[in-house]
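Understanding the architecture of this molecule
Chain by chain, the residues:
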Amino acid sequence: MSIKKLEDGRYQVDIRPRGIYGKRVRKILKTKTEAQAYEKYVLINHHTKEWLDKPADKRLLSELIDLWWVYDGRNQKFGETYCGRLRKVCREMEDPKAYELTRKFLLEYRSRKLNAGLLASSVNRDLFVLSAMFTVLIEAEEFHNENPVRAIRKLTVRSSEMSFLSEDEIDELLRKTSGDEWRVAVLCLATGMRWNEAATLRAEQIIGNRVTMAVTKNGRSRAIPLAPKVVEMVKTKKSGPLFKVDYLQFRQTLKELKPDLPKGQATHVLRHTFATHFMMNGGNIITLQRILGHSNIQQTMVYAHFSPDFLQDAVSYNPIAETVHNLSFVAK
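Within each chain, residues carry numbers counting from 1 in the order of the written sequence. Where totals are concerned, whole chains, interfaces and linings use all residues; where local detail is concerned, this predicted model gives features only for residues with pLDDT of at least 70, and gives and counts side-chain atom pairs only at 80 or more. Side-chain metrics in this entry use all non-hydrogen atoms of the structure; hydrogen atoms and water are not considered.

Let's shift gears to the overall build of the protein chain. Going along the chain from the N terminus, every DSSP run of H or I of four or more residues is numbered as a helix, and every run of E of two or more is numbered as a strand. The helix and strand tally for the protein chain stands at 15 helices and six strands. When a residue's accessible area, from a 1.4 Å probe over protein chains only, is under 20% of the maximum for its type it is buried; when over 50% it is exposed; and in between it is partly exposed. Within the protein chain, the fraction of its 332 residues that count as buried is 38%. The long-range share in the protein chain, meaning contacts at least 24 apart out of those at least 6 apart in sequence, stands at 54%. Where accessible areas are quoted, they stem from the Shrake-Rupley method and a 1.4 Å probe; at the residue level, only the protein chains shown are allowed to cover. Carbon and sulfur atoms make up 51% of the accessible area of the protein chain, which totals about 21,100 Å². Between two residues, a contact is recorded if the distance between any of their heavy atoms is within 4.5 Å.

To continue, consider the packing of helix α11 (residues 269-280) against helix α12 (residues 285-292). What counts as an axis is a line fitted to C-alpha atoms, over the stretch in contact for a helix, and the angles between N-to-C directions run from 0 to 180 degrees. Close contact between α11 and α12 brings their axes to 10 Å; oriented N to C, the two are set at 160°. Comparing their axes, α12 and α11 come out roughly antiparallel. For the pair α11 and α12, the crossing hand works out as right-handed. For the pair formed by α11 and α12, the contact residues are Arg271, Phe274, Ala275, Phe278 and Met279 on the first element and Ile285, Thr287, Leu288, Ile291 and Leu292 on the second. Any residue that is not Ala, Val, Leu, Ile, Met, Phe, Trp, Tyr, Cys, Pro, Asp, Glu, Lys or Arg is counted as polar, Gly included; the first ten are nonpolar and the last four charged. The class makeup of the residues in the contact of α11 with α12 is eight nonpolar, one polar and one charged. Each angle receives one of four descriptions, namely roughly parallel if under 35 degrees, roughly antiparallel if over 145, roughly perpendicular if within 65 to 115, and oblique otherwise. By definition, any crossing whose near helix is turned counterclockwise from its far helix by less than a right angle is left-handed, and any crossing with a clockwise turn is right-handed.

Take the packing of aromatic side chains next. Only rings of Phe, Tyr and Trp enter the pairing, Trp through its six-membered ring, and a pair is recorded when the two centres are within 6.5 Å. The plane angle decides the type: under 30 degrees is stacked, over 60 is edge-to-face, the rest tilted. Counted by the stated rule, this structure contains six aromatic pairs. Relative to Trp69, the ring of Trp68 lies with its centre 6.2 Å away and its plane at 55°, an arrangement referred to as tilted. By the ring-pair criterion, three or more aromatic residues cluster together here, those being Trp195, Tyr247 and Phe250.

Two strands qualify as a pair provided that DSSP identifies no fewer than 2 bridges between them. If you trace the three strands from one edge of the open sheet to the other, you get β4-β5-β6, paired in antiparallel fashion. Each edge of the sheet is formed by a strand with only one pairing partner; in this case those strands are β4 (206-207) and β6 (222-225). Pairing of β4 with strand β5 (residues 210-213) involves two bridges; the strand directions are antiparallel. Its bridge partner being in β5, Ile207 is matched across the sheet by Arg210.

Attention now moves to the side chain of Glu197. Tracing the sequence through the fold places Glu197 in helix α8 (residues 195-199). The exposure class assigned to Glu197 is buried, which follows from its relative accessible area of 9%. What qualifies as a polar contact is a pair of N or O atoms within 3.5 Å, subject to a donor-acceptor requirement within protein and to the restriction that residues adjacent in sequence count only when both atoms come from side chains. Polar side-chain contacts of Glu197 include one of 2.9 Å to the side chain of Arg222.

Glancing now at the packing of helix α6 (residues 167-176) against helix α10 (residues 247-257). Close contact between α6 and α10 brings their axes to 11 Å; oriented N to C, the two are set at 140°. By the angle between their axes, α6 is oblique relative to α10. Pair α6 / α10 crosses with right-handed handedness. Judged by residue contacts, Glu169, Glu172, Leu173 and Lys176 of α6 engage Phe250, Thr253, Leu254 and Leu257 from α10. Of the residues belonging to the contact of α6 with α10, the class tally is four nonpolar, one polar and three charged.

See below:
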């Protein structure tokens, strides 16, 4: 055994990290926990010579996730969400040892998930959080090899189809909903807020005719003007949470109204609807970016083609523009 309890209650670490013919390392520590920690440290750090192979890191992925949680995860805003995703990946990989996370292993895992129907964007997110975990552990000097996920290229994600509600569908949605569900729908359609931003809104966030969001998806606060009539509709109290809504029920209402909604765009269709109609009514793309809170204009440009003037110069400046308007021109 590499760890032995001595008669005086202390623990002795006795290992040969490079095998039976390698250097022997022995150390006595007060507790078993310290002895186990020292053993792991020696196995990973028994030399610093880059030209020599380091021993295989036999720690389980679940152990590394626990370390990441202590060093970084619990201090992150979305730490619990990331931890949940890491645990999911760990279960799907059947909790491999660190040295087993080779490029081949990761590519096989990715292939299995894609064949099972998982979207490329979801696979990318899974591998991203795994890579971020290793980056943290490397910086904390808890992992002494290269980040194994860095060698895996990111999958190309096709732009998903965006759906939006027509004016008739908007009217029907507002007829089919009532109470707080109706108020949240009105707020999303009037501001382009995400469902979760609207559903968790507090009365204190509406001051005058403006709603302010300090906690957003990209971490940047933003404020959106509201029509006085909308404020009257949605601000039903002076303090505390404004709404109590059932997401699943509202999503079902949307799916009944629009059965062909693209996958993953249930309540988000309200945000797309706001942005689409904003541009169709002549809105400015830069203004839309600020309203939606996009950090990159490229995110907002997906709505640009809804503008009445989008690429309109193609009609005026094409090489047969004058010919088309010539009365003597005859179609063949």
